[in-house]
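A closer look at the structure
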Amino acid sequence: MSESIGTLQLQRKGDGEYVLWTENVVKRFGGIIALNKVNIKLRKGKITLLIGPNGSGKTTLVNVISGFLTPEEGKVIYKGKDITRLPPHDRVKMGLVRTFQIPKPFQNLTVLENVMVAAEGNPGENPYIAAIFRSKWKKFEKEQVERAFNILKWVGLVHKWDSKASDLSGGQLKLLEIARAIMKGADTIIMDEPAAGINPVLVHDLFDRIVKLSRERHVTFLIIEHRIGLVGKYVDYAYAMNMGEVISEGEPEEVFNDPKVLESYLGG
Ligand SMILES: Nc1ncnc2c1ncn2[C@@H]1O[C@H](COP(=O)(O)OP(=O)(O)OP(=O)(O)O)[C@@H](O)[C@H]1O
Ligand SMILES: [Mg+2]
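Residues numbered from 1 in each chain as written. Chains lettered and ligands numbered in written order. Predicted model: local features only at pLDDT ≥ 70, side-chain atom pairs only at ≥ 80, totals over all residues.

**Section: the sheet that holds strand β9 (residues 220–224)**
Filter applied, for reference: Strands pair, by our definition, only if DSSP identifies at least two bridges between them. In this description a helix means any DSSP run of H or I spanning at least four residues, a strand means any run of E spanning at least two, and both kinds are numbered starting from the N terminus. Whenever a helix is involved, its axis is fitted only over the stretch in contact; in every case the axis is a line through C-alpha atoms, and angles between N-to-C directions fall within 0 to 180 degrees. Here, residue contact means that the backbone-derived C-beta atoms of the two residues sit within 7 Å.
Taken in spatial order, the 6 strands make up an open sheet running β7-β8-β9-β4-β10-β11, and their pairing is mixed. With one partner strand each, in any of the chains shown, β7 (96–98) and β11 (245–250) form the two edges of the open sheet. Across the sheet, the axes of successive neighbouring strands diverge by a mean angle of 20°, strand direction being ignored. Note: β7 against strand β8 (residues 188–192), 3 bridges, orientation parallel. Paired with Arg98 across the two strands is Ile190, which belongs to β8. Across the sheet, helix α2 (residues 58–66) lies against β4 (47–51), β7, β8, β9 and β10 (237–242), angled at about 150° from β8, the strand it touches most.

Spelled out as structure tokens, the structure:
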């Protein structure tokens with residue numbers, strides 16, 4: 001990459017291998033402490049899994065990270081910047097995207113068109129601007145088509161480029177969501193239970209692609225998922241929560257077999 005040595009040194013010093021972390025995040029709902037001094041870190045280009053029984057605080061944490069909730073205490077640091085009070089759309093501009101922030105695919109548009117419309121600064125959004133900048137628009141469009149095709153290749157949907165979104169399977173729709181997030185500029189993608197409602201064979205296809213994107217494109221993932229038996233082998237690092245606290249973290253296998261974690265599921 002083209003980063004200067006100076007920048008690299010700075011990044012190493014400042015926890016450069018982590019793209020995002022939380023510092024002692026506290027979130028209360030009335031008398032309930034949904035998050036009690038939570039610290040998690042997302043390793044750059046890795047897949048981090050967040051598990052925990054119902055009500056343990058997973059979605060609340062993801063809401064704090066993506067900006068839908070402001071914590072009472074603590075910080076969220078992303079790309080070296082304190083984003084604790086930054087609105088969600090400004091986090092999206094920085095590359096931090098939760099897949100549901102991308103509008104649902106248009107059923108009657110093709111896969112390629114759906115990726116295209118996710119692009120930032122699409123002049124087609126305003127017909128007057130589009131007319132004035134017609135010549136620029138052409139060039140922009142050509143570049144965007146190429147980019148969209150490339151992204152479809154990365155996520156393994158290029159063979160479906162001309163199919164209607166309505167013809168995709170559940171797993172392919174998840175891949176389309178990822179493609180659209182990347183088209184929007186995402187390099188850090190948060191997914192809340194992506195495997196829900198998808199048949200197990202397709203879950204493996206989906207996670208194979210997620211692994212490829214992290215390895216080859218250095219996309220960072222934070223994934224909430226209950227079915228650890230299904231997705232555990234694909235992830236790099238895991239956190240387990242219970243009652244608003246991180247109770248275990250480390251290699252996925254270690255975390256899944258941690259007696260505290262097993263107990264939390266039985267207790268829940
Ligand atoms: N908007 C809210 N208002 C009041 N309480 C809330 C709100 N959102 C979450 N909670 C409470 O905070 C706690 C954590 O909930 P959260 O949804 O984060 O859990 P979760 O781990 O995502 O659970 P699940 O696995 O069921 O999705 C729960 O006790 C929940 O009832
Ligand atoms: Mg939840």
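We are not done yet, so read on.
**Side note on the site of ligand 1**
Going by this rule: What makes a residue near a molecule or strand is its C-beta atom, placed from the backbone, lying within 6 Å of it. Under the grouping applied here, Gly and all other residues not named as nonpolar or charged are polar, the nonpolar ones being Ala, Val, Leu, Ile, Met, Phe, Trp, Tyr, Cys and Pro and the charged ones Asp, Glu, Lys and Arg.
The full set of residues close to ligand 1 is Phe29, Ile32, Ala34, Gly52, Asn54, Gly55, Ser56, Gly57, Lys58, Thr59 and Thr60. For the shell around ligand 1, the secondary-structure elements that each account for two or more residues are β2 (32–38) and α2. Element by element, the count of residues in the shell around ligand 1 is highest for α2, at 3 residues. The residue inventory of the shell around ligand 1, partitioned by class, reads 3 nonpolar, 7 polar and 1 charged.

**Quick notes on the nonpolar core**
For clarity, the threshold we go by: Nonpolar core, as used here: buried Ala, Val, Leu, Ile, Met, Phe, Trp, Tyr and Cys residues forming one set through C-beta atoms within 7 Å. With C-beta atoms placed from the backbone, a residue is labelled by how many other C-beta atoms lie within 10 Å of its own: buried for 20 or more, exposed for 12 or fewer, partly exposed between the two. Here the limits of each domain have been adopted from an automatic or database domain assignment.
Core analysis: the biggest nonpolar cluster contains 64 residues, and Val115, Leu152, Ala179 and Ile189 have the highest contact counts within it. Formed jointly, this core draws a minimum of three residues from each of two domains, domain 1 (15–96 + 192–268) and domain 2 (103–183). Once residues lying within four places of it in the same chain are set aside, the contact partners of Ile189 are Val97, Thr99, Ile178, Ala181, Val219 and Phe221.

**Remarks on unusual backbone geometry**
Although it is not a glycine, Asn24 sits at a positive phi angle of roughly 45°. Looking at where Asn24 falls in the secondary structure, it is placed in strand β1 (residues 18–29). Judged by the 13 C-beta atoms lying within 10 Å of it, Asn24 falls in the partly exposed class. Unusually for a residue other than glycine, Lys37 sits at a positive phi of about 55°. Looking at where Lys37 falls in the secondary structure, it is placed in strand β2. Its 15 C-beta neighbours within 10 Å are what place Lys37 among the partly exposed residues.

**Digging into the packing of helix α7 (residues 170–183) against helix α8 (residues 200–217)**
Selection criterion: Any angle that falls under 35 degrees is termed roughly parallel, while one over 145 is termed roughly antiparallel, one within 65 to 115 roughly perpendicular, and all others oblique. Take the far helix as your reference; a near helix turned counterclockwise from it by less than a right angle gives a left-handed crossing, and one turned clockwise gives a right-handed crossing.
Orientation of α7 relative to α8, taken along the N-to-C sense of each, is 20°, at an axis distance of 9 Å. Considering the angle they form, α7 stands roughly parallel to α8. At the point where α7 passes α8, the crossing takes the right-handed sense. Residue-level inspection shows Gly170, Gly171, Lys174 and Leu175 of α7 in contact with α8, the latter providing Leu202, Val203, Asp205, Leu206 and Arg209. For the contact of α7 with α8, a count of residues per class yields 4 nonpolar, 2 polar and 3 charged.

**Some details on α7**
What counts here: Every helix has an expected span of 1.5 Å times one less than the residues it contains.
For α7, built from 14 residues, the straight-helix expectation of 20 Å at 1.5 Å per residue is met to within 8% by its first-to-last C-alpha distance of 20 Å. Summarising burial for α7: 12 of the 14 residues are buried, a large majority. Listing the buried residues of α7 in full gives Gly171, Gln172, Lys174, Leu175, Leu176, Glu177, Ile178, Ala179, Arg180, Ala181, Ile182 and Met183. Just downstream of α7 lies Gly185, where phi reads positive at about 105°.

**Some words on the pairing of β9**
Of all 5 residues in β9, 4 are buried; the element is thus mostly enclosed. In this structure, β8 lies alongside β9, joined through 5 bridges in parallel fashion. When the bridges of β9 are listed, Asp192 appears paired with Ile224.

**Some remarks on the pairing of β8**
Our working definition: Here is how to tell: hold the view so the strands point away, follow the path from the first strand over the helix to the second, and if it runs clockwise the crossover is right-handed.
Most of β8 is tucked away, with 4 of its 5 residues classed as buried. What joins β8 to β9 is α8, and the crossover it makes is right-handed.

**What about the environment of Glu245?**
Structurally, Glu245 is set in strand β11. Residue classification places Glu245 among the partly exposed positions, given that 17 C-beta atoms sit within 10 Å. Between the C-alpha atom of Glu245 and that of Leu35, which follows or precedes it by 210 residues, the distance is 6.3 Å. Sequence-distant contacts of Glu245, defined by excluding residues within four places in its chain, comprise Asn36 and Val38.

No statement about biological role is implied by the geometric values presented.
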